[in-house]
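# Structural overview for review
In case you want the letters, here they are:
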Amino acid sequence: MNDHLVQAVDSFLSGHLARRSGERYRRLKEGHGHAEKTFLLHVWWPAFGNFKDLHPEYEVKDFRDGLRFLDFAYLRPPLKLAIEIDGYAAHSSQMSRTQFSDQGHTANSRLSINRRRDAAC
């Protein structure tokens, strides 16, 4: 793996961590694992060559006015793209019915990226 590329991913995530606090900080710190980093390294970077306009763990309101976090949001007006990376754990047979149902609500919430809560990205 190219050290420059790994450093670019680390810098991208560190920059977003530095601008966050509370739940937004925790979600980014704990929520981005192997699958999300693999996406950045092997899909996003080869396609775009930078992380401009890409926001990790992007907060949106769901249809019940609760909060959900998208793995990534690409926001380049007028385009608003929600990106979810489902790693192996997301499809685990260990998931309860409640968790499965909640995952469905999260999927539906992706449609409401326009309802983003006021938050620093």
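## With respect to the overall build of the protein
Each helix and strand counted, the protein has 4 helices and 3 strands in total. For the protein, the N- to C-terminal ordering of α and β elements is α-α-α-β-β-β-α. For the protein, the residues scored as buried account for 34% of the 121 residues in total. Looking at the protein alone, contacts between residues at least 24 apart form 60% of all its contacts between residues at least 6 apart.

## Here we look at the pairing of strand S3 (residues 79-83)
Of the pairings in the sheet, the one linking strand S2 (residues 67-76) to S3 comprises 5 bridges and is antiparallel in character. Bridge assignment links Arg-76 to a residue of S3, and that residue is Leu-79. Following S2, the chain reverses through 2 residues before pairing antiparallel with S3.

## Concerning the side chain of Glu-59
By secondary structure assignment, the location of Glu-59 is in strand S1 (residues 54-61). On the basis of relative accessible area, Glu-59 is assigned to the buried category, the value being 5%. A polar side-chain atom of Glu-59 sits 3.0 Å from a polar atom in the side chain of Arg-24.

## Some words on the packing of helix H1 (residues 3-18) against helix H2 (residues 22-31)
For the pair H1 and H2, interaxial distance at closest approach is 9 Å and the crossing angle is 160°. Taken together, the axes of H1 and H2 lie roughly antiparallel to each other. In this structure, the crossing between H1 and H2 has a hand that is left-handed. On the side of H1, the interface is formed by Leu-13, His-16 and Leu-17, while H2 contributes Tyr-25, Leu-28 and Lys-29. Looking at the contact of H1 with H2 residue by residue, the class counts come to 4 nonpolar, 1 polar and 1 charged.

## Some details on the pairing of S1
With 7 of 8 residues buried, S1 is to be regarded as a mostly interior element. Counted between consecutive antiparallel strands, the loop separating S1 from S2 contains 5 residues, among which Asp-65 sits at a positive phi close to 65°.

## As for unusual backbone geometry
Cis rather than trans, the peptide bond between Pro-77 and Pro-78 has omega equal to 5°. Here Pro-78 lies in the loop between S2 and S3. Residues other than glycine seldom take positive phi values, yet Asp-53 does so here, at roughly 70°. As for its placement among the helices and strands, Asp-53 is situated in the loop between helix H3 (34-48) and S1. Phi is positive for Glu-57, close to 45°, though the residue is something other than glycine.

## Considering the nonpolar core
In this structure, Leu-40, Trp-44, Phe-51, Leu-54 and Phe-72 are the most contacted members of the largest nonpolar core, which totals 17 residues. Counting residues per element, the ones that place at least two in this core are H1, H3 and S2. In terms of residue count, H1 provides more of this core than any other element does, 6 residues in total. Not counting the four nearest positions on each side in its chain, Leu-40 is found in contact with Val-9, Phe-12, Leu-13, Trp-45, Pro-46, Phe-51, Leu-54 and Phe-72.

What counts and what doesn't
Residues numbered from 1 in each chain as written. Predicted model: local features only at pLDDT ≥ 70, side-chain atom pairs only at ≥ 80, totals over all residues. Heavy atoms only, no water. Helix = DSSP H or I, 4+ residues; strand = E, 2+ residues; numbered from the N terminus. Buried < 20%, exposed > 50% of the residue type's maximum accessible area, 1.4 Å probe, protein only. Contact = heavy atoms within 4.5 Å. Pairing = 2+ DSSP bridges. Polar contact = N/O pair within 3.5 Å; in protein donor to acceptor, adjacent residues only side chain to side chain. Axes fitted to C-alpha atoms, helices over the stretch in contact; angles between N-to-C directions. Parallel < 35°, antiparallel > 145°, perpendicular 65-115°, else oblique. Left-handed = near helix turned anticlockwise from the far one by under 90°. Nonpolar A, V, L, I, M, F, W, Y, C, P; charged D, E, K, R; others polar. Core = buried A, V, L, I, M, F, W, Y, C linked by side-chain atoms within 4.5 Å.

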